[in-house]
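Structure at a glance
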Amino acid sequence: MATQPDTARRIATGLRLRGRYLVQQAGYTLGVAALEGTALAGKLPANFLDRAAILRNDVDKALQDKTVLAAEARQATTTQNQHQRDATVWVRGGGKRCQNAMQLGAALPPEMGKVSCPQAVPAVLEQMSKTLALLTENVAAMDAIGAPTQPLIDEGQMIFK
């Protein structure tokens, strides 16, 4: 069905976004839409803004329930942990690939040969950022030794989002 991919995408997006942020963004967006008035409303499906306001209010009301808040917190933790695992695997794989390239004679900065992956989320993000920057700067040297580096960089950027 044509709606299933959109539904799956929306669910995946919803898992990454906190309910309070969603309500806040909806309020802002509806406020901007109100300022635009009929110029915008004429381009949208019938009652679109009214239905969006109802949905925003439904989410806001649901967030008053402690059970919903607890489930949202659990899901946020689960999602964060999965992203951290993905980042850890990517950083280790990228580091090993750099070590291999150095052993094969690639002239790379010494920090590229260090494979470390911290446990704290901010430290993992910092490590990913540094690794992505170093890979981007040294893509030619890495490519001269082995497989193309761009797919590794692309994968890291997807995880880093």
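All values derive from a computational prediction rather than experimental measurement.

1. A word on the overall build of the protein
Along the protein, the regular secondary structure elements total eight helices and zero strands. Ordered by position in the sequence, the α and β elements of the protein form the string α-α-α-α-α-α-α-α. A separation threshold of at least 6 residues defines the contact pool for the protein, and within that pool the share at least 24 residues apart is 66%. Here the protein displays about 11,000 Å² of accessible surface, and carbon together with sulfur accounts for 60% of that area.

2. Some words on the environment of L108
Take L108: it is sitting in the loop between α5 (66–103) and α6 (121–137). Measuring from C-alpha to C-alpha, the distance between L108 and C98 comes to 8.0 Å, with 10 residues separating the pair along the chain. Residue contacts for L108: discarding those within four places in its chain leaves C98, A101, M102, N138, A141 and M142.

3. Side note on the pattern of salt bridges
The tally for this structure, following the rule as stated, stands at one salt bridge. The salt bridge partner of E126 is K130, with a shortest N-O separation of 3.2 Å. Linking E126 with K130, this pair stays in helix α6, spanning four residues, or about one helical turn. Look at K130 and you get partly exposed, because its relative accessible area is 47%.

4. What about the nonpolar core?
Membership of the largest hydrophobic core comes to 18 residues, with the highest contact counts inside it found for W90, L108, M112, M128, L135 and M142. Of all the secondary-structure elements, those providing two or more residues to this core are α5, α6 and α8 (150–160). Not counting residues within four places of it along the chain, the set of residues in contact with M128 comprises A87, W90, V91, G156, I159 and F160.

5. Observations regarding the packing of helix α2 (residues 19–36) against helix α4 (residues 48–62)
Helix packing geometry: the angle between the two helix axes and the distance between the axes. Taken N-terminus to C-terminus, the directions of α2 and α4 make an angle of 155 degrees; their axes are 9 Å apart at the nearest point. Classed by the angle they form, the pair α2 and α4 counts as roughly antiparallel. Regarding α2 and α4, the two cross each other, and that crossing is left-handed. Here G19, R20, L22, V23, A26, G27, L30 and A33 of α2 lie close against α4, whose contacting residues are L49, A52, A53, R56, V59 and D60. Residue classes in the contact of α2 with α4 are distributed as nine nonpolar, two polar and three charged.

6. Considering the packing of α6 against α8
For the pair α6 and α8, the least separation of the axes is 10 Å and the interaxial angle reads 155 degrees. Considering the angle they form, α6 stands roughly antiparallel to α8. Remark: the crossing between α6 and α8 carries left-handed chirality. Together, L125, M128, S129, L132, L135 and T136 of α6 and L152, I153, G156, Q157, I159 and F160 of α8 make up the contact between the two elements. Partitioning the contact of α6 with α8 into residue classes produces eight nonpolar, four polar and no charged.

7. Brief notes about the confidence of the model for the protein
When pLDDT is averaged along the protein, the result is 80, and 89% of the positions lie at 70 or above. Low pLDDT, under 50, characterises residues 1–5; the stretch is placed with zero contacts to residues that sit more than four places away or in other chains.

8. Points about α2
In this model α2 runs 26 Å from its N-terminal to its C-terminal C-alpha over 18 residues, within 8% of the 26 Å that 1.5 Å per residue would give. Every buried residue of α2 is accounted for by G19, V23, L30 and A33. Along the axis of α2, the buried residues cluster in a sector spanning 90 degrees; they form a single face. Residues of α2 that are exposed and point more than 90 degrees away from the buried face comprise Y21, Q24, Y28 and L35. Where the residues of α2 are buried, they touch α3 (38–41), α4 and α5.

What counts and what doesn't
Residues numbered from 1 in each chain as written. Predicted model: local features only at pLDDT ≥ 70, side-chain atom pairs only at ≥ 80, totals over all residues. Heavy atoms only, no water. Helix = DSSP H or I, 4+ residues; strand = E, 2+ residues; numbered from the N terminus. Contact = heavy atoms within 4.5 Å. Areas by Shrake-Rupley, 256 points an atom, 1.4 Å probe, with all protein chains shown as cover. Salt bridge = Lys/Arg side-chain N within 4 Å of Asp/Glu carboxyl O. Buried < 20%, exposed > 50% of the residue type's maximum accessible area, 1.4 Å probe, protein only. Core = buried A, V, L, I, M, F, W, Y, C linked by side-chain atoms within 4.5 Å. Axes fitted to C-alpha atoms, helices over the stretch in contact; angles between N-to-C directions. Parallel < 35°, antiparallel > 145°, perpendicular 65-115°, else oblique. Left-handed = near helix turned anticlockwise from the far one by under 90°. Nonpolar A, V, L, I, M, F, W, Y, C, P; charged D, E, K, R; others polar. pLDDT = per-residue confidence, 0-100. Expected span 1.5 Å × (residues − 1). Arc of directions from axis to C-beta.

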